[in-house]
Amino acid sequence: MTETNLGDAATAEAPETIRVLVAKLGLDGHDRGAKVVARILRDAGMEVIYTGLYKTPNDVVHAAIQEDVDVIGVSLLSGSHVPLFRELCRCLREEGAEHVLVVAGGVIPEQDYAALLESGVDAIVPQEARADLIVTTIEGLIAARGRI
């Protein structure tokens, strides 16, 4: 009979699962892309919370705090991305939750990237991004914070 020392395995720290809140802000009534992204992130081993449609930036921030997420991922198609992301990042700061990373995706023109990054968005994933780019973007942001 072989003796196994389970003490070492039990004391080794398992890496924390990345928690991502996927949200649809404003009057953007299309959520197929958000659901596809949620599935991609789940398949990559992340824990995903999906808020559904028609959320305000304040709703999303409060959900992110309640769910203790690492990242908020927002997909937008409505063209109101600049003011909505500005408000989302402002709400995060106001609630003392600026440690929560913000990733933007959807239909976002490149000429708006600078304004989004300046407002507090941490990364922008282009509309045509492949699944691996979405995953590596989030993992890279988390790694930069020293979490993985």
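Check the entry above for the structure.
None of these values were measured; they are calculated from a predicted model.

A. Examining the sheet that holds strand β4 (residues 101–106) more closely. Here five strands make up an open sheet; going across it, the order is β2-β1-β3-β4-β5 and the pairing parallel. Each having just a single partner strand, β2 (47–50) and β5 (123–124) make up the two edges of the open sheet. Pairing between β4 and β5: two bridges, direction parallel. Bridging across to β5, A104 finds its partner in I124. Against the sheet, helix α2 (residues 32–43) contacts β1 (19–23) and β2, and its axis sits at roughly 160° relative to β2. The strands touched by helix α6 (residues 131–144) within the sheet are β1, β3 (71–76), β4 and β5, with β4 carrying the most contacts at an inclination of about 165°.

B. Layout of the layout of surface pockets. Considered as a void within the structure, the largest pocket measures approximately 340 Å³ in volume. Lining the largest pocket are 21 residues; nearest its centre among them are V37, S75, G105, G106 and I134. Broken down by secondary-structure element, the contributors of at least two residues to the lining of the largest pocket are β1, α2, β3, β4 and α6. By volume, the second largest pocket amounts to about 180 Å³. Considering the residues around the second largest pocket, the lining is formed by E16, T17, R19, D68, V69, D70, H99, L101, I142, R145 and R147. When the residues that make up the lining of the second largest pocket are grouped by side-chain class, the tally is three nonpolar, two polar and six charged.

C. Local environment of the packing of α2 against α6. Here α2 crosses α6 at 65°, and the two axes come no closer than 10 Å. The angle between α2 and α6 places the two elements in the roughly perpendicular class. Where α2 crosses over α6, the handedness of that crossing is right-handed. Mapping the contact onto sequence places V37, I40 and L41 in α2 and A131, I134, V135 and I138 in α6. Taken together, the residues of the contact of α2 with α6 break down into seven nonpolar, no polar and no charged.

D. Structural view of the pattern of salt bridges. Evaluated as defined, the whole model comprises six salt bridges. The salt bridge involving R19 is made with E67; its shortest N-O contact spans 3.2 Å. In this pair, R19 sits in strand β1 while E67 sits in helix α3 (residues 57–67), placing the two residues 48 residues apart along the sequence. On the accessibility criterion, E67 (34% relative accessible area) is partly exposed. A salt bridge links R90 to E94, with the shortest nitrogen-to-oxygen separation between them at 2.6 Å. Separated by four residues within a single helix, R90 and E94 lie in helix α4 (residues 81–94), roughly one turn from each other. The exposure class assigned to R90 is partly exposed, which follows from its relative accessible area of 33%. Judged by relative accessible area, E94 falls into the exposed class, the value being 53%. Among the ionic contacts, a cluster of salt bridges with common partners joins R19, E47 and E67.

What counts, and where the lines are drawn
Residues numbered from 1 in each chain as written. Predicted model: local features only at pLDDT ≥ 70, side-chain atom pairs only at ≥ 80, totals over all residues. Heavy atoms only, no water. Pairing = 2+ DSSP bridges. Helix = DSSP H or I, 4+ residues; strand = E, 2+ residues; numbered from the N terminus. Contact = heavy atoms within 4.5 Å. Axes fitted to C-alpha atoms, helices over the stretch in contact; angles between N-to-C directions. 1 Å grid on protein atoms, 1.4 Å probe; cavity = no way out; pocket = protein on both sides within 12 Å on 5 of 7 lines; lining within 4 Å. Points joined across faces, edges and corners; volume = space filled by probe spheres on them. Nonpolar A, V, L, I, M, F, W, Y, C, P; charged D, E, K, R; others polar. Parallel < 35°, antiparallel > 145°, perpendicular 65-115°, else oblique. Left-handed = near helix turned anticlockwise from the far one by under 90°. Salt bridge = Lys/Arg side-chain N within 4 Å of Asp/Glu carboxyl O. Buried < 20%, exposed > 50% of the residue type's maximum accessible area, 1.4 Å probe, protein only.

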